[in-house]
Amino acid sequence: MIRLLIADDQALVRGALAALLGLESDIEVVAEVGRGDEVLQAALESEAEVALLDVEMPGLDGIAAAAELKRELPACKVLMVTTFGRPGYLRRAMQAGASGFVVKDTPAQQLADAVRRVHSGLRVVDPTLAAETLTSGESPLTERETEVLRAASEGGTVADIARVTFLSEGTVRNYLSSAMGKTNARTRAEAVHHAQENGWLL
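All values reported here derive from a predicted model rather than from experimental measurement.

A. Spotlight on the overall build of the protein. A tally of helices and strands in the protein yields ten helices and six strands. A compact globule built from 202 residues would reach a C-alpha radius of gyration of about 17 Å, and the protein, at 18 Å, matches this within 12%. Expressed as lengths along the three principal axes of its C-alpha atoms, the size of the protein is roughly 60 × 30 × 30 Å. A separation of at least 24 residues holds for 64% of the contacts in the protein among residues at least 6 apart in sequence.

And the structure:
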């Protein structure tokens, strides 16, 4: 039996995944959590062999949780599953130690097969997303530009962004201008949208 942990902040999705995968004769769902910062403890307590992690979760995102598992419990393989197939997410997930990356609309049988393949030491990556990742390249944004755009994605004025990021308003404007140039955007909103679509703001 493959001991599987499922982490997703949407209870309905988490329950559906557990019900579907639990029907498989060789998969046992041994833990379910709704927050990224609960993943490691649950994996340790349940002795999970594969962790199925959503990317976007409260407490700790799935990619950070994958890195934590890789560091503290390397025997537990990670399969990322997400609604948003963004190239930047795939690249960062693989760098964090994930063995697989699929989107949530993957048919149940394919998802079960992905769990088996990851458990056996293979890599599983959604082919469309893999192709997009190869063509999109690394994020051109610096850490500070990413931080400022992430704050900008919440809305608010330059003053609001400055307060959240502990920067001066002039510095915020400079980072926003630089990020707009790197994303070929005419507005701050366009830059945020482009960065989100590529998975650069997580």
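The rest of the description comes next.
B. Molecular detail of the side chain of T165. With respect to the helices, strands and loops of the structure, T165 is situated in helix α8 (residues 158-165). With a relative accessible area of 3%, T165 lands in the buried category.

C. Molecular detail of helix α5 (residues 108-119). If you check α5, its first and last C-alpha atoms are 17 Å apart, about what twelve residues at 1.5 Å a residue would give, namely 16 Å. Among all positions of α5, only L111, A112, A114, V115 and V118 are buried. End-on, the buried residues of α5 take up no more than an arc of 155°, which puts them together on one face. Following α5 by one or two positions, G121 has its phi on the positive side, about 100°.

D. Spotlight on the nonpolar core. Counting 27 residues, the largest nonpolar core has L5, V39, L53, L69 and M80 as its most contacted members. Among the secondary structure elements, those contributing two or more residues to this core are β1 (2-7), β2 (27-33), α2 (39-46), β3 (50-54), α3 (62-72), β4 (77-82) and α4 (87-96). In this structure, L69 is in contact with V39, L40, A43, A51, L53, P74, C76 and V78, ignoring residues within four places of it in sequence.

E. Structural context of the packing of α2 against α3. Where α2 meets α3, the closest approach of the two axes is 9 Å, and the angle between their N-to-C directions is 40°. When the axes of α2 and α3 are compared, the pair comes out oblique. Here the hand of the crossing between α2 and α3 comes out right-handed. Counted together, V39, L40 and A43 of α2 and A65, E68, L69 and E72 of α3 form the full contact between these two elements. Counted by class, the contact of α2 with α3 contains five nonpolar, no polar and two charged residues.

F. Main features of α2. Regarding α2, the residues found buried are V39, L40, A42, A43 and S46. Along α2, the residues classed as buried sweep out an arc of 165° about the axis, all on the same side. The inward-facing, buried residues of α2 contact β1, β2, β3 and α3. Of the residues one or two after α2, E47 is the one with positive phi, at around 55°.

G. Quick look at the environment of A7. Position of A7 relative to the elements: it lies in strand β1. Between the C-alpha atoms of A7 and L53, which are 46 residues apart in sequence, the distance is 4.9 Å. Each residue touching A7, except ones within four places of it in the same chain, is listed here: V33, V39, L52, L53, D54 and M57.

H. Geometry of the packing of helix α7 (residues 143-152) against helix α9 (residues 169-182). Across the interface, α7 lies against α9 with an axial gap of 9 Å and an inter-helix angle of 95°. The angle between α7 and α9 falls in the class roughly perpendicular. Residues R144, E145, V148, L149 and A152 of α7 form the contact with α9, whose participating residues are V172, Y175, L176, S178, A179 and K182.

Criteria and thresholds
Residues numbered from 1 in each chain as written. Predicted model: local features only at pLDDT ≥ 70, side-chain atom pairs only at ≥ 80, totals over all residues. Heavy atoms only, no water. Helix = DSSP H or I, 4+ residues; strand = E, 2+ residues; numbered from the N terminus. Rg over C-alpha atoms; globule rule 2.2 N^0.38 Å. Contact = heavy atoms within 4.5 Å. Buried < 20%, exposed > 50% of the residue type's maximum accessible area, 1.4 Å probe, protein only. Expected span 1.5 Å × (residues − 1). Arc of directions from axis to C-beta. Core = buried A, V, L, I, M, F, W, Y, C linked by side-chain atoms within 4.5 Å. Axes fitted to C-alpha atoms, helices over the stretch in contact; angles between N-to-C directions. Parallel < 35°, antiparallel > 145°, perpendicular 65-115°, else oblique. Left-handed = near helix turned anticlockwise from the far one by under 90°. Nonpolar A, V, L, I, M, F, W, Y, C, P; charged D, E, K, R; others polar.

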